[in-house]
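Here is what each chain is made of, one letter per residue.
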Amino acid sequence: MVDILSSMQQLFIGLESTYGIPSFVLAIALLIFGWIIGRISKVFVVRFLQAIGFKKITHKEGIDAALHKMGIRGTVTILLGELVKWIFYLIFFALALQT
């Protein structure tokens, strides 16, 4: 994963030096790309967990009820999807800061 992100960063640095694109434009492009990847990854994770029946397991074990008692709306599958989405957001935000 780190290799992919570092090679992506090198790609953007190459675009900056080759075509003279300002670094803030590249940072904005990284943020938009990260937003898209984060949203897609959330959908993928939620659908995958639903396909394997993860919601039934968490409901059977009482995890969904415990989350509801804590005031967290939604299920564990949605919560994990949100977590993955925000991880991608933070990764691309860090990459945008480095350009």
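Our subject is the structure listed above.
Everything quoted here is computed from the prediction, not taken from an experiment. (Residues numbered from 1 in each chain as written. Predicted model: local features only at pLDDT ≥ 70, side-chain atom pairs only at ≥ 80, totals over all residues. Heavy atoms only, no water.)

1. Looking at the side chain of T58
Filter applied, for reference: Under the DSSP-based scheme used, a helix requires at least four consecutive residues in state H or I and a strand at least two consecutive residues in state E, with every element numbered from the N terminus. Residues adjacent in sequence count toward polar contacts only when both atoms are side-chain atoms; beyond that, a polar contact is any pair of N or O atoms within 3.5 Å, and within protein one must be able to donate a hydrogen and the other to accept it. Working rule for contacts: check all heavy atoms of both residues, and any pair within 4.5 Å makes them a contact.
In this fold, T58 is placed in helix α3 (residues 54-61). Polar side-chain contacts of T58 include one of 3.3 Å to the side chain of D64. Leave out the neighbours within four places in its chain, and T58 touches I63, D64 and V76.

2. Re the packing of aromatic side chains
This is how it is decided: In this analysis, rings of Phe, Tyr and Trp, with Trp reduced to its six-membered ring, are considered paired at centre separations within 6.5 Å, and the interplanar angle assigns stacked below 30 degrees, edge-to-face beyond 60, and tilted for intermediate values. Exposure classes here rest on a 1.4 Å probe applied to the protein chains alone. A residue is buried below 20% of its type maximum, exposed above 50%, and partly exposed in between.
Scanning the entire structure with this criterion turns up three aromatic pairs. Plain terms: the ring middles of F44 and F48 are 6.5 Å apart, the flat faces sit at 15° to each other, and that makes the pair stacked. Residue F44 and its partner F48 are both found in helix α2 (residues 23-51); the two are separated by four residues, about one turn of the helix. Both rings, one in W86 and one in Y89, keep their centres 4.9 Å apart while their planes meet at 80°; by these two values the pair is edge-to-face. Of this pair, W86 and Y89 both sit in helix α5 (residues 76-98), three residues apart, which is roughly one turn of that helix. The exposure class of Y89 is buried, given its relative accessible area of 15%.

In short, the description is geometric, and any link to function would need to be established separately.
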